[in-house]
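# Observations on the three-dimensional arrangement
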Amino acid sequence: MTSDAPARFVIDLHAAACERLAQVECITLITAGSATPCQVAVGLPLSYGQRRRRYPLVIVFDAAAMAGSVIEMSRLMTDTKEVRACIVVAVRTPTPALLALPGMSALLIEPLLDALTRRYRIDDRLVTVFAGGDGAAVPALEAAADARLRVFGQREHGVPAFVDALRTTL
């Protein structure tokens, strides 16, 4: 057995979300000022193809390990009428340190919003930004926030904190 054999069994949770969930697209975004690409999973609500309305946008940064979970939780909460249907974008931030650099969050958020509003029916009056992972990106995201962006940091980690933020905004 070679030393690289265990690597065959490592599951990329971000890519797995794109492959196993319906109506999820994976796109790569390269931001200005960075040669590092950012992987983005866009989870559309299951009603997206049936209705011609615009949907709120929820962006989850540092979501490499929870892309599928946040997309599925938002859909389940929509089914139970806890929240409105929304488009969930799970951003696999290259590194939290990169996002924390001065101005980098704005360089990432603006092209992401532009690309998403051109491609999907987004109600840009309500954009929620959630810092996944360890929340290290919260100060940088808060600095980039404007009137339409609601930024949620977290005291807890992961999906439970995401669910609380979703209930608060939608």
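Residues numbered from 1 in each chain as written. Predicted model: local features only at pLDDT ≥ 70, side-chain atom pairs only at ≥ 80, totals over all residues. Heavy atoms only, no water.

### Focus: the overall build of the protein
Condition: Strands are runs of DSSP state E lasting at least 2 residues, helices are runs of H or I lasting at least 4, and numbering of each runs from the N terminus. By the convention used here, residues are in contact when the closest approach between their heavy atoms is within 4.5 Å. The protein chains shown are the only cover counted for residues, whose accessible areas, like all others here, come from Shrake-Rupley with a 1.4 Å probe.
From N to C terminus, the protein includes 6 helices and 6 strands. For the protein, the sequential pattern of α-helices and β-strands runs α-β-β-β-α-β-α-α-β-α-β-α. Once local pairs closer than 6 in sequence are excluded, the contacts in the protein between residues at least 24 apart make up 70%. Surface summary for the protein: the accessible area is close to 8,700 Å², and the carbon and sulfur share equals 55%.

### Some points on helix α2 (residues 67-79)
Selection criterion: Expected helix span is computed as 1.5 Å times (number of residues minus one). The buried label applies to any residue whose accessible area, calculated with a 1.4 Å probe on protein chains only, is under 20% of its type's maximum; exposed applies above 50%, and partly exposed to all values in between.
A rise of 1.5 Å per residue sets the reference length of α2, with its 13 residues, at 18 Å; its end C-alpha atoms lie 19 Å apart and thus fit the reference within 8%. Burial in α2 covers these residues: Ala67, Gly68, Val70, Ile71, Ser74, Arg75 and Met77. Downstream of α2 by one or two residues, lysine 81 has phi in the positive range, about 65°.

### Remarks on the environment of alanine 64
In this structure, alanine 64 sits in the loop between β3 (55-61) and α2. On the basis of relative accessible area, alanine 64 is assigned to the partly exposed category, the value being 28%. Expressed as a C-alpha distance, the spacing of alanine 64 and alanine 41, which sit 23 residues apart in the sequence, is 9.6 Å.

### A short note on the nonpolar core
Rule in force here: Think of a nonpolar core as a cluster: buried Ala, Val, Leu, Ile, Met, Phe, Trp, Tyr and Cys residues, connected wherever their side-chain atoms sit within 4.5 Å.
Residues Val42, Leu57, Ile59, Ile87 and Val89 are the most contacted members of the largest nonpolar core, which totals 24 residues. Here this core takes 5 residues from helix α4 (residues 104-119), the largest share from any one element. With residues near it in sequence (within four places) discarded, leucine 57 still touches Ile87, Val89, Leu113, Leu116, Ile122, Leu126, Val127 and Thr128. Core analysis: the next-biggest nonpolar cluster, separate from the first, contains 23 residues, Leu21, Ile71, Ala90 and Ala165 among them.

### Side note on the side chain of serine 74
Quick reminder of the rule: As used in this structure description, the phrase polar contact means that two N or O atoms lie within 3.5 Å; if the pair is within protein, one of them must be able to donate a hydrogen and the other to accept it, and residues adjacent in sequence are counted only when both atoms belong to side chains.
Its place among the elements puts serine 74 in helix α2. Separated by 2.8 Å, the side chain of serine 74 and the backbone oxygen of isoleucine 71 make a polar contact. Residues in contact with serine 74, not counting those within four places in the same chain, are Val83, Cys86, Val88 and Leu166.

### Side note on the packing of aromatic side chains
Selection criterion: Each pair of aromatic rings taken from Phe, Tyr and Trp, with Trp reduced to its six-membered ring, is defined by centres within 6.5 Å and is described as stacked if the planes are under 30 degrees apart, edge-to-face if over 60, and tilted in the remaining cases. Two thresholds decide whether a charge sits over a ring: the Lys NZ or Arg CZ must be within 6 Å of the ring centre and within 35 degrees of the ring normal.
One pass over the full model with this rule turns up 1 aromatic pair. For the ring pair tyrosine 48 and tyrosine 55, a centre distance of 5.7 Å and an interplane angle of 35° mean the geometry is tilted. One Lys or Arg, arginine 121, reaches over the ring of tyrosine 48 and ends 4.1 Å from the middle of that ring.

### What to know about unusual backbone geometry
Positive phi is not limited to glycine here, since lysine 81 has a value of about 65°. Structurally, lysine 81 is set in the loop between α2 and β4 (87-92). Owing to a relative accessible area of 72%, lysine 81 belongs among the exposed residues under this scheme.

### Points about the confidence of the model for the protein
Filter applied, for reference: Per-residue confidence from the predictor is reported as pLDDT, which spans 0 to 100.
Per-chain confidence: the protein averages 74 in pLDDT, with 62% of residues scoring 70 or above. Summarising per-element confidence for the protein, the mean pLDDT is lowest in helix α3 (residues 96-100) (60) and highest in α2 (89).

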